[in-house]
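The residues making up each chain are set out below.
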Amino acid sequence: MQIDRRLFTHFDWTLLGIVLLIASIGILNLYSAAAKIETVGAPLYLKQIFWLVIGLAAMVTIAFVEYRFYSDFAYIVYTIALVLLLLVLAYGMITSGAQRWVKIGPLSFQPSEFVKISFILALAKFFHRPADRKGYSLKQLPLPFLLLLLPMALILKQPDLGTAIVLLLVFFSVLIFVKIRWSSLLAIGMTGGAAVPVLWNFLKGYQKKRIITFFNPDLDPLGAGYHLMQSKIAVGSGGILGKGFMKGTQSKLGFLPEQQTDFIFSALGEEWGLIGSLFVIGLYVALILWGLRIAVQAKDRFSAILAFGVVAMLFWHVFINVGMVLGMMPVVGIPLPLLSYGGSFIVSTLIGAGLLLNVSMRRYLF
Amino acid sequence: MMELNTQKMEDFKGRHKYFVVFVGLAFFLIFIRLWSLHVIKGSELRHLSENNRIRLLENLADRGMLLDRRGRVLAHNRPSFEVYLVPEDAKANPEVLAKIAEMLNMTQDEIEEKIEAQKGRAPFRPVKIKSDIDWNELAVLESNRVNLPGLLVDVRPRRAYDYGDLACHLIGYLGEADENELRQSKGPPYRMGALIGKYGVEYRWEDDLRGVDGGQQIEVDALGREVRPLGVVEPFPGNNLSLTIDLELQKTAEEAYQDKNGALIAMDPKTGRILAMVSKPSFEPFARNISTEEWKALVENPYHPLTNKGIQGQYPAGSVFKIVTAIAGLESGVINPNTPFPCAGTFHYGNRDFRCWKQGGHGTLSLHRAIVESCDVYFYQLGLKVGVDLIAHYAKEFGLGKATGILLPHEKPGTVPSSSWKKKRLGVPWYSGETLSFSVGQGYLSTTPLQLLMLISGVANEGKLLLPQVVEKVEDIYGNVLKEYPPQEIGRANVSQKTLQIVQEALKGAVNDPHGTGSACSLKEIKVAGKTGTAQVVALPEDFKRGDMNRIPAKFRDHAWFVAYAPFEDPKIAVVVLVEHGGFGASAAAPIAKKVIEQYLGVNPSPPQKTAGEENDSDDAD
């Protein structure tokens, strides 16, 4: 494939800069937060650097392939991702314990991470044909709902509630972006709302209890409540200036749950204080707003929806994760892009960034 | 590549500002929260983090008790005292370690090793140095408590089986939950390292027995001492199980085995309630993760102590199966009670001689005497006339060949062969010579002791088959009955009452008639009905003499069977006894059944009755 020279003139250095800056902070923060965690092989931050390099390579590759190519293969990619999910369920049943992972040689990855990207591709493909003037109506949407429900069901089976919620939120964000009729949105909302009490009655007592404590962790002082309290203590104890790099006691003494993944932000808040938290949040805001701009300035519908889907994914990840760490939201296992430890997650995030770069640098072409 | 669609792009642009506002609002909320935590609550939370001594302690729930049918406790929980040490506190005073070591009969090195193993722990987190200390050690520790900073004694419930290995296979054992069990638990999740039922009743009724663990957040001071509890969840004890077994009967049965191996099950034939369940050799029930060596020793023991042979062991039924052959003969009309067959000690069929256990033969006899004296040649001829498939049909009528459905893990179904079974399984047709072995309970036939108990109970109980049950009811700690297990009929053998009466009379004769093979089980006061059996372990050479049995290695000796019920007129107990490698059913198994029946029916034990000069006759070979 021949690469247009204009691609380089229009390359989105701002986006790349923001991504690299957040990723570097991520490594630094992980170095400190996971310093006391014993691992097999290399320390976590080195493993994360390894994955970061792989992710960056994927990002650049993905950025330079014309996105029309992705449009042609969107449903095929989606199908492959689904098959991988099925594999993970089947394979997981045999080995037990690790149903989210597929192992290839020495590397293992989570197909559910790549499902997110392929799902966005498939949505962009479907919605690239515009609806009539009033917007999409329910009658036109059975396929998108199928696209959503298949992977959601498989991911819930793993079980991975967090990723399933992200899929759902990305789906509705895209629906609003491509203009769904308000009446249809209302209908979906009301059906969903009406289904909740019905489903609730199907649940057994202990399942209900799990869900209640899930929304109100204080009812579970030995589980979620304890974790949340320690997380809040960590963030708040950082004060305005923070305790300093490598000086966080909450993370070093093992009070934080999942301090290298879902609760990484509390380690950041503890060591860097309000200044650090705000700086990183500011970078995320910049990334998201920049991404939104890329979406609305795109040259065609497919790339616009693709870019928007990636932005929606990033937004919900950041918003829910930080909200959870700060005790504003129920504890759902959703990691923080580029900060949380996790190979598949960092690669899938960077693939998303690659798609954004791709769309961004082609807005003047064709 | 397809052309890309650029219609209605203005829709997207129109929405841009709304999304920007939404994102702005969302992050504004986060900003407010960050401000409130970092700035407003900052100093308070920093103080908390600097004094972060909030620990989680678990309060384990008491596991439900196991009671016998009269409410006597078979398994309960006793307090176990666990000694912990906060090394940071002990370090200040080096003599403390030496003192503690002396009081606990440990070496100082052992304690230091345990502390070293927990190197990665958070500061001031206690390290367990000895669990389940005895009363003397506890008394010494407690009286010196003030001189021993950093020492903590914690009380936890620990499973206790007061009668040792009594009914161990029925009760089962506990072990640490593995990863699979942690994930698959239906109730509240288990914590890591939780002890859960792995076998027997402890396994099957785990969800009832486990209770709900509690715990607390406690604030501790700089020395690791508890200051105040913050959030407490009280544990709730598990439910108690009333088993159907009778403690005394179980004891009698176990003692009757002495050092022999095998299985015994006693049941009330009218209710299906199991009164005693023995499998030998036994094991000492445990409620902990046992060491690899201990586990290996149990698993590799050639006598299989971890197997509940009553439901997991599959053996040829031997002469006990003649009950089925007789029923098949009567029901099919091939014979009537008076149909005679000759026995000359051997029966020539095909090109081989099939022997009767009695060398000289029984002469000509009809059904009653054939069962009483367990004549093999009679049943060879009867079996040939009835045919394999009809015998198999009646075997299945009494539940042979499939699991009974008793609520205990790992029950085996056994095998009832038939011509179609053999064709399917082995791909070759049934040979009529095989019918001969089958009609006396050898060959492909395999049964569990429980299945033979079902057979004898069915005969005693007019063909009715009841689900064998080991638990009567489940009660919570307040005595409210949560679950009951009433008698449950699972089938009725389609056999006429007349046939059953004929067989019952013959079984009574087998125990009470002068030449009966089961006379070792006869009682003065009560009429017992029963049948002996011998299950071949290996094919013995054709010229094998009965007296040679003691000369062959024990592991090749035959298994001895005895099934019985009593009282004859109104059966209250049915028993199956299997003595592995015991030789002959009559001499090895029948006396054990006798002791159990005597105990259960309250009959004074009587010395074994010897039928003078006819000792050989009372044995049964095949």
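Structure: see above.
Definitions and cut-offs
- Residues numbered from 1 in each chain as written.
- Chains lettered and ligands numbered in written order.
- Predicted model: local features only at pLDDT ≥ 70, side-chain atom pairs only at ≥ 80, totals over all residues.
- Heavy atoms only, no water.
- Helix = DSSP H or I, 4+ residues; strand = E, 2+ residues; numbered from the N terminus.
- Buried < 20%, exposed > 50% of the residue type's maximum accessible area, 1.4 Å probe, protein only.
- Contact = heavy atoms within 4.5 Å.
- Pairing = 2+ DSSP bridges.
- Axes fitted to C-alpha atoms, helices over the stretch in contact; angles between N-to-C directions.
- Salt bridge = Lys/Arg side-chain N within 4 Å of Asp/Glu carboxyl O.
- Core = buried A, V, L, I, M, F, W, Y, C linked by side-chain atoms within 4.5 Å.
- Phe/Tyr/Trp six-rings, centres within 6.5 Å; stacked < 30°, edge-to-face > 60°.

Further remarks concern the overall build of chain A. What chain A contains, in helices and strands, is 14 helices and two strands. Split into buried and exposed, the 366 residues of chain A put 56% on the buried side. Look at the contacts in chain A between residues 6 or more apart in sequence, and 75% of them connect residues 24 or more apart.

On to the sheet that holds strand 21 (residues 529-535) of chain B, then. All names here are of chain B. If you trace the five strands from one edge of the open sheet to the other, you get 12-11-23-22-21, paired in antiparallel fashion. A strand with exactly one partner marks an edge of an open sheet, and here the two such strands are strand 12 (274-280) and strand 21. Direction aside, the axes of adjacent strands within the sheet are offset by 5 degrees on average. Relative to strand 22 (residues 559-566), strand 21 is paired through seven bridges, and the arrangement is antiparallel. Bridge pairing in strand 22 places T532 opposite F562. Those strands touched by helix 11 (residues 247-256) are strand 11 (262-267), strand 12 and strand 23 (573-579), and its axis lies near 30 degrees from that of strand 12. In the packing of helix 21 (residues 497-512) onto the sheet, contacts are made with strand 21 and strand 22, and the angle to strand 21 comes to roughly 75 degrees.

Now for the pattern of salt bridges. Residue and element names in this part refer to chain B. By the definition in use, this model includes 27 salt bridges over all chains. D376 is the salt-bridge partner of K322, the closest N and O atoms lying 2.6 Å from each other. Residue K322 is found in helix 14 (residues 322-332), and its partner D376 is found in helix 16 (residues 376-386); the two are separated by 54 residues along the sequence. With respect to burial, K322 and D376 carry one shared label: buried. Each of D68, R69, R70, R72, D246 and E248 takes part in salt bridges that share partners, so that together they form one network.

Turning next to unusual backbone geometry. Between K280 of chain B and the following residue, P281 of chain B, the backbone shows a cis peptide bond with an omega angle of 0 degrees. Take P281 of chain B: it is sitting in the loop between strand 12 and helix 12 (292-300). The amide bond that connects A566 of chain B to the next residue, P567 of chain B, takes the cis arrangement and shows omega of -15 degrees. When you line up the elements, P567 of chain B lands in the loop between strand 22 and strand 23. Phi angles above zero are rare outside glycine, and L338 of chain A is one such case at about 70 degrees. Residue class for L338 of chain A comes out buried when judged on its relative accessible area of 3%. Backbone geometry places D132 of chain B, a non-glycine residue, at a positive phi of 55 degrees. Mapped onto the fold, D132 of chain B is located in strand 4 (residues 127-133). Classification of D132 of chain B as partly exposed rests on a relative accessible area of 27%.

Among the nonpolar cores identified, the biggest contains 127 residues, and F119, F127, V170, F177, F265 and L326 of chain A are the most heavily contacted of them. The next biggest cluster of nonpolar side chains, apart from the first, holds 93 residues, and it includes Y315, Y378, L465 and L507 of chain B.

Residue and element names in this part refer to chain B. The pairing of strand 14 (residues 346-349) with strand 15 (residues 352-355) spans four bridges and is antiparallel. What sits directly across from Y349, in strand 15, is R352. Connecting the antiparallel pair strand 14 and strand 15 is a turn made up of two residues, with G350 showing a positive phi of about 60 degrees.

This part covers the packing of aromatic side chains. Within a pair of aromatic rings, the relevant descriptors are the distance that separates the centres and the angle that separates the planes. In this structure the tally under the stated criterion is 45 aromatic pairs over all chains. When the centroid spacing of 6.3 Å and the interplanar angle of 55 degrees are considered together, the rings of F236 of chain B and Y478 of chain B count as tilted. With a gap of 242 residues between them, F236 of chain B in the loop between strand 9 (226-233) and strand 10 (240-243) and Y478 of chain B in the loop between strand 18 (471-475) and strand 19 (481-484) connect regions that are remote in the sequence. The class of F236 of chain B is partly exposed, set by a relative accessible area of 34%. Residue Y478 of chain B is classed as exposed on the basis of its relative accessible area, which comes to 60%. Every member of this aromatic cluster is reached through a ring pair, and the members are F315, W316 and F319 of chain A together with F22 and F27 of chain B.

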